[in-house]
Amino acid sequence: MDDSGMPRFRRIWSTIQVGVLAAAVVFCVVMLVIGQGELDRVYAVAAVFFGLALVGHATYLWLLARSRR
């Protein structure tokens, strides 16, 4: 992929999203460890959802970096 236009924007946006998603996963795990009673199920589902999104964005960035080599 060339470095002009949209691919660069997508790389920057995915990098930002990886940071935000990682923070969200850590927050959900911390809330699960602390134990919020009736919200435990919500935090568990959110952690799985955000974790899957994190894996997707991290994989995209890894494949993009690999294709540049």
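Quantities reported herein were computed from a predicted structural model and do not represent experimental measurements.

Draft legend 1. Expanded view of the overall build of the protein chain. On a plain count of helices and strands, the protein chain comes out with 2 helices and 0 strands. Principal-axis analysis of the C-alpha atoms gives the protein chain an extent of 50 × 15 × 15 Å. In the protein chain, buried positions account for 20% of the 69 residues. Accessible surface for the protein chain amounts to roughly 5100 Å². Of this, 71% is attributable to carbon and sulfur atoms. Counting 7 positive and 4 negative side-chain charges, the protein chain places the averaged centre of each group 12 Å from the other.

Draft legend 2. Structural view of the UniProt feature "transmembrane region" (unreviewed entry) in the protein chain. The sites that UniProt annotates as "transmembrane region" (unreviewed entry) are residues 12-36 and 42-65. The span residues 12-36 is 92% helical and 0% strand by assignment, and the distance between its end C-alpha atoms comes to 35 Å. Structurally, residues 42-65 is divided into 100% helix and 0% strand, and its ends, taken at the C-alpha atoms, are 34 Å apart.

How each quantity is defined
- Residues numbered from 1 in each chain as written.
- Predicted model: local features only at pLDDT ≥ 70, side-chain atom pairs only at ≥ 80, totals over all residues.
- Heavy atoms only, no water.
- Helix = DSSP H or I, 4+ residues; strand = E, 2+ residues; numbered from the N terminus.
- Buried < 20%, exposed > 50% of the residue type's maximum accessible area, 1.4 Å probe, protein only.
- Areas by Shrake-Rupley, 256 points an atom, 1.4 Å probe, with all protein chains shown as cover.
- Lys, Arg positive; Asp, Glu negative; His and termini not counted.
- Charge placed at Lys NZ, Arg CZ, Asp CG, Glu CD.
- UniProt positions renumbered as here; feature names shortened; annotations may be inferred.

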